[in-house]
Amino acid sequence: MKPFAILANGQALPLAAIPVLEFAKFRRAVIQGVSEDLRLACLCADRSLAGYAVLADEAAHEFRVLRTTFPPVFPSLTPECSQAHLFERELAEQWGLVPEGHPWFKPLRFHPPWSGKDAWQRDAIEPGVMDFYRVEGEAIHEVAVGPVHAGVIEPGHFRFQCHGEQVFHLEIALGYQHRGIERALEGGPYKLTVKMMETAAGDTTIGHAWASALALEALSGTRVPARADWIRAIALELERVANHTGDLGALSGDVGFLPTASYCGRLRGDWLNLTAQLCGSRLGRDLVKPGGTRFDLEPARIADLLLRMEEMARDTANAVELLFATPSVLARFEGIGKLDPHMAKEVGLVGPAARACGRLGDVRIDFPYGPYSDSELPSTVEETGDIAARARVRWAEIQASVAFLRGALDALAELPAGPVSAVCGALAPEHLALGVVEGWRGEVVHLAITNADGRLCRYKVVDPSFHNWTGLAIAMRGEEISDFPLCNKSFNLSYCGFDL
Amino acid sequence: MYKIFLSRLRQGHRTNHYPGETPSLPERLRGLPILDAGHCLEGCRACAEDCPTEAIELSPIPRIDLGQCLFCTACTEACPTGAIRFSQEHRLAARTRADLLLESGRAFKLAEALEVKARSLFGRSLKLRVVSAGGCNGCEVDVNVLSTIGWDLGRFGIQIVASPRHADAVLICGPITKNMELATRKTLDATPDPKLVIAVGACAISGGPFLCQEEQLGGCGGAGIPVDLYIPGCPPHPLTILDGLLRLLGKSGG
Ligand code: SF4
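Reading the values: rules and limits
- Residues numbered from 1 in each chain as written.
- Chains lettered and ligands numbered in written order.
- Predicted model: local features only at pLDDT ≥ 70, side-chain atom pairs only at ≥ 80, totals over all residues.
- Heavy atoms only, no water.
- Helix = DSSP H or I, 4+ residues; strand = E, 2+ residues; numbered from the N terminus.
- Rg over C-alpha atoms; globule rule 2.2 N^0.38 Å.
- Buried < 20%, exposed > 50% of the residue type's maximum accessible area, 1.4 Å probe, protein only.
- Polar contact = N/O pair within 3.5 Å; in protein donor to acceptor, adjacent residues only side chain to side chain.
- Contact = heavy atoms within 4.5 Å.
- Near = heavy atom within 4 Å.
- Nonpolar A, V, L, I, M, F, W, Y, C, P; charged D, E, K, R; others polar.
- Buried area = accessible area lost by both parts, 1.4 Å probe.
- Salt bridge = Lys/Arg side-chain N within 4 Å of Asp/Glu carboxyl O.
- Domains from an automatic or database assignment.
- Pairing = 2+ DSSP bridges.
- Axes fitted to C-alpha atoms, helices over the stretch in contact; angles between N-to-C directions.
- Parallel < 35°, antiparallel > 145°, perpendicular 65-115°, else oblique.
- Left-handed = near helix turned anticlockwise from the far one by under 90°.

**Q** I'm lost on the overall build of chain B in this one. Help?
**A** For chain B, the count of helices and strands is 9 helices and 10 strands. Whereas a compact globule of 254 residues would reach a radius of gyration of roughly 18 Å, chain B reaches 19 Å, a difference of no more than 12%. Reported as C-alpha extents along the three principal axes, the dimensions of chain B are approximately 70 × 45 × 35 Å. By the burial criterion, 58% of the 254 residues in chain B qualify as buried.

**Q** What is the right way to look at the side chain of A:Ser212 in this model?
**A** Residues and elements named next belong to chain A. With respect to the helices, strands and loops of the structure, Ser-212 is situated in helix H5 (residues 205-220). Among the residues examined, Ser-212 registers a relative accessible area of 4% and is labelled buried. Within the structure, the side chain of Ser-212 is placed 3.4 Å from the side chain of Tyr-459, a separation counted as a polar contact. Beyond its immediate stretch of four places on either side in the chain, Ser-212 contacts Met-197, His-446 and Tyr-459.

**Q** Where do I start with the site of the ligand in this structure?
**A** For the ligand, the set of nearby residues contains 13 residues, the closest of which are B:Cys51, B:Cys69, B:Leu70, B:Cys72 and B:Cys75. Its residues assigned to classes, the shell around the ligand comprises 11 nonpolar, 2 polar and no charged.

**Q** Explain the interface of chain A and chain B to me, please; I cannot follow it from the model alone.
**A** Many descriptions give the size of an interface as the accessible area lost when the pieces come together. Across the boundary between the two partners, chain A contributes 63 residues, which contact 59 residues of chain B. In total, chain A and chain B occlude about 4,900 Å² of area from one another, counting both sides; carbon and sulfur atoms represent 54% of this. It is A:Val152, A:Arg179 and A:Arg266 in chain A that bury the most area against chain B; as a group they hold 15% of the surface buried on that side. Where chain A packs against chain B, one counts 7 salt bridges. The partner of A:Asp315 in a salt bridge is B:Arg10, with the nearest N and O atoms 2.7 Å apart. At the boundary of chain A and chain B, one finds 34 residue pairs in polar contact (both at pLDDT 80 or more). Taken together, the elements giving at least two residues each to the side of chain A that touches chain B come down to helix H3 (181-185), helix H4 (193-198), helix H7 (258-279) and helix H8 (299-324) of chain A. In terms of residue count, the dominant contributor to the side of chain A that touches chain B is H7(A) (13 residues). Considered class by class, the residues forming the side of chain A that touches chain B number 29 nonpolar, 15 polar and 19 charged.

**Q** Sorry if this is basic, but what is going on with the domain arrangement of chain B here?
**A** All names here are of chain B. According to the domain assignment, chain B contains domain 1 (33-89) and domain 2 (116-248). Relative to domain 2, the C-alpha centre of domain 1 lies at a distance of 27 Å. Every contact between the two is made by 7 residues of domain 1 and, on the other side, 9 residues of domain 2. Here domain 1 and domain 2 share an interface that buries about 570 Å² over both sides, 75% of which is from carbon and sulfur atoms. Our enumeration of links across domain 1 and domain 2 arrives at 0 salt bridges. Applying the counting rule to domain 1 against domain 2 returns 1 residue pair in polar contact (both at pLDDT 80 or more). Within the side of domain 1 that touches domain 2, the residues separate by chemical class into 4 nonpolar, 3 polar and no charged.

**Q** Mind showing me how you'd approach the sheet that holds strand S7 (residues 158-160) of chain B here?
**A** The strands making up a sheet associate through hydrogen bonds between their backbones, and the pairing can be parallel or antiparallel. Residue and element names in this part refer to chain B. Judged by pairing direction, the sheet is parallel, and its 5 strands sit side by side in the order S7-S6-S8-S9-S10 without closing on themselves. With partners counted over all chains shown, the strands left at the sheet margins are S7 and strand S10 (229-231), one partner each. Strand-to-strand twist of the sheet, defined as the mean angle between neighbouring strand axes without regard to direction, takes the value 25 degrees. Bridge count between strand S8 (residues 169-173) and strand S9 (residues 196-200): 5 bridges; the pairing is parallel. If you follow Leu-171 over to S9, its bridge partner there is Ile-198. On the sheet, helix H6 (residues 178-190) packs against strand S6 (126-132), S8 and S9 and is oriented at approximately 170 degrees with respect to S6. The sheet contacts of helix H9 (residues 238-248) involve S6, S7, S9 and S10, and relative to S10 the element is tilted by about 165 degrees.

**Q** Explain the domain arrangement of chain A here, please?
**A** Residue and element names in this part refer to chain A. The domain architecture assigned to chain A consists of domain 1 (1-108) and domain 2 (203-463). A straight line from the C-alpha centre of domain 1 to that of domain 2 covers 27 Å. Residue-level contacts link 33 residues of domain 1 with 33 residues of domain 2. Our count for the contact surface shared by domain 1 and domain 2 stands at 3 salt bridges. The shortest N-O distance in the salt bridge between Glu-90 and Lys-460 comes to 3.2 Å. Along the contact surface separating domain 1 from domain 2 lie 15 residue pairs in polar contact (both at pLDDT 80 or more). Counting residues per element, the ones that place at least two in the side of domain 1 that touches domain 2 are strand S2 (11-14), strand S4 (39-45), strand S5 (50-57), strand S6 (62-69) and helix H2 (85-95). Looking at which element gives the most residues to the side of domain 1 that touches domain 2, the answer is S4, with 6 residues.

**Q** Would you mind showing me how to read the side chain of A:Arg227 here?
**A** Residues and elements named next belong to chain A. If you trace the backbone, Arg-227 turns up in helix H6 (residues 226-254). Of the residues examined, Arg-227 reaches a relative accessible area of 7% and is grouped as buried. Separated by 3.4 Å, the side chain of Arg-227 and the backbone oxygen of Leu-415 make a polar contact. Only 3.3 Å separates the side chain of Arg-227 from the backbone oxygen of Pro-416, close enough to count as a polar contact. Not counting the four nearest positions on each side in its chain, Arg-227 is found in contact with Asp-296, Leu-297, Leu-412, Leu-415, Pro-416, Ala-417, Gly-418, Pro-419 and Val-420.

**Q** Can you help me understand helix H15 (residues 484-491) of chain A in this one?
**A** In an α-helix, one full turn covers 3.6 residues, which means residues spaced three or four apart are oriented alike. Residue and element names in this part refer to chain A. Counting buried residues along H15, 6 of its 8 residues qualify, which places the element largely inside the surrounding structure. Every buried residue of H15 is listed here: Phe-484, Leu-486, Cys-487, Asn-488, Ser-490 and Phe-491. Of the residues flanking the end of H15, it is Asn-492, one or two places downstream, whose phi is positive at about 40 degrees.

**Q** Honestly, unusual backbone geometry in this entry has me stumped. Any pointers?
**A** Keep in mind that most residues, glycine aside, have a negative phi and that most peptide bonds are trans. B:Pro60 follows B:Ser59 through a cis peptide bond whose omega is -15 degrees. Residue position: B:Pro60 is located in the loop between strand S2 (56-58) and strand S3 (62-65). Phi at A:Asp286 takes a positive value of approximately 65 degrees, unusual for a residue other than glycine. Turning to its location among the elements, A:Asp286 is positioned in the loop between H7 and strand S12 (288-289). Unusually for a residue other than glycine, A:Asn492 sits at a positive phi of about 40 degrees. Here A:Asn492 is to be found in the loop between H15 and helix H16 (495-499). The exposure class of A:Asn492 is partly exposed, given its relative accessible area of 25%.

**Q** Could you clarify how one ought to interpret the pattern of salt bridges in this entry?
**A** Opposite charge on two side chains allows them to pair when their charged atoms are near. Counted according to the given criterion, the structure contains 56 salt bridges over all chains. Among the salt bridges present, the one from B:Glu77 reaches A:Arg294, with a minimum N-O distance of 2.7 Å. Here the residue B:Glu77 occupies a position in helix H3 (residues 74-78), and A:Arg294 occupies one in the loop between strand S13 (292-293) and H8, the pair thus bridging two chains. By relative accessible area, which is 55% here, B:Glu77 ends up exposed. When its relative accessible area of 21% is taken as the criterion, A:Arg294 is described as partly exposed. Note that A:Glu298 and B:Arg28 form a salt bridge whose closest N and O atoms lie 3.2 Å from each other. Here A:Glu298 is found in the loop between S13 and H8, whereas its partner B:Arg28 is found in the loop between helix H1 (2-11) and strand S1 (33-35) on a different chain.

**Q** Would you mind going over the packing of H7(A) against H8(A) with me for this structure?
**A** Helix-helix packing is characterised by the crossing angle of the two axes and by the distance between the axes. Residue and element names in this part refer to chain A. Interhelical geometry of H7 versus H8 gives an angle of 165 degrees and a closest axis separation of 10 Å. Compared by their axis directions, H7 and H8 come out roughly antiparallel. Like other packed secondary-structure pairs, H7 and H8 cross with a definite hand, here left-handed. Here the contact of H7 with H8 is composed, by residue class, of 15 nonpolar, 3 polar and 6 charged.

Right, dumping it as structure tokens:
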């Protein structure tokens, strides 16, 4: 018998169908899987310390789910599988589990444990107070920034170990935005569940709301009307285009190239306004709900969207092409903030940041959901892994999304009129379901597990930023500290998505 | 250079003319709710029961706390008689917490301008320090957009600055998580008096979707931070934020 169960995206399984492995076997199976080029998409435990691992098998287009019970102290997976490093710190903080031999064993989000004591036996928990890595030496100095930053951005603390201008090491301490979202979902779903999903990371409202809907629909056996699927995909791609456009503008702003910075700043707002045409909210609030969507797009609205989109796509192309045609801009992007494919794999990088270092992988292509099963999306891989590559991937994705949107709006117009939602009823008891969506930053994973009463006993959210912050820290090694803002923008990761 | 020039021509002039002219708002925008208690059925509790943030109090007719409301329209869907509707009215800012309580038959009291003395201090130049204190980054998105050329906040003398020492006002987003409490208080302390505090979004006013969470304080209200201007929404539309700021400075013209 295989030591794992196979699960497709948006599918539920009875817990009984997932073999419970003795911990040593579980550990081996996870490490073995990752060494065979699978990716650790999720690792977590519930209140009873039942452990779950989800491995993404991109080549086979399926997920492997493994199950165990965590002993209070266990040999850390991290030395042999670095993709587990943050998950293990999370287990230590949430449940007081001790992964022995973890090479970088520190708190993660600075919150009290869900029960008992955490692995460090802390009583008082102060944000950002931990044992930061320090480089010693006469010419070494430390630069500490945040949590409050000099702009309209979320809080986080950055510690640089510098030799002159050169960064030897950057350590990032987050958790300032921690609102306890996962804990709040225990025992749900509640009236606030959809809102919590939408606000896990506000700029990824559609991404998180859709992933959560996929999981809950799987658990309740709800069939979503085709219209709703298309509307969700339209909203998801608009979210992607708006954010990528804004980020390309921000990147040009950071190198002092103001034309693209100002045009893209305006255009990002205009793309968000298109989402508001769907549902009244620029961020897509209250559009996606378990069972479907809360708004339909009637023919006149579709025609209007198409018209506006074409105009904005032209303006966006004009603004972005200017950026790539300006050698002084490219000189600042090329060769800076590099990550190689090997390192990308080690950290389990996802999304555009991973594609920029030559790693394939896109949930829409590998684990298609909704209308992506029948759509051809081009792969947007770049090889150089630097800021320029991340910018190019974003631009390629904007173009691909616009092409997709054209087709999607047409497809929706051709569907017969009908409901856009179905009733999402009670959840099957003692089941596990997975909802995974390619958000604009990458893979958004929602893992939902129900108890005997059909209530959620564990709900795990993995925002793409969870993996990718480590990528940013490593990309800064050896770079000038003055390049940090630029490098940071090229990733543009979510603090609240990480902090939950 | 030539290309930059051509592109400049193509992109044109894009700043909207608010408050002279209101830019077109999305048809589905959910603005100020309209309560019509005359339609309420006796003993009906449908709206209050479906509201995710308990923003509706029945006494016995509904009263909506806009400081807690997420504008999700669950109440509209629940109401059997259409007694709660959402208008497209984007003007929502208020000066006091009590003014955010919306009752049937009572006109919503929009924010008034600062007193003459304060207006003479801040009216021509208001520097904002934004503190993101634990929300979802949604309010930040809609505050940020005001600095783009589409809105050009600078034309009103309002500017976002990097240091609290340079600021006249602290604009708070997010429910103020426990982990951000110290940083938020320090930022407030570092801002010279006299200063203003502006709470943007349901989180900063009351905790928003996180109001039941122990991990946060319940916004400025829960943290005991006095607020000069409340801008409700989840998140508020940029126009709602701009209108609130202009109202405070007596520049709204309407
Ligand atoms: S719109 Fe506001 S009052 Fe109505 S249900 Fe939603 S949060 Fe409650």
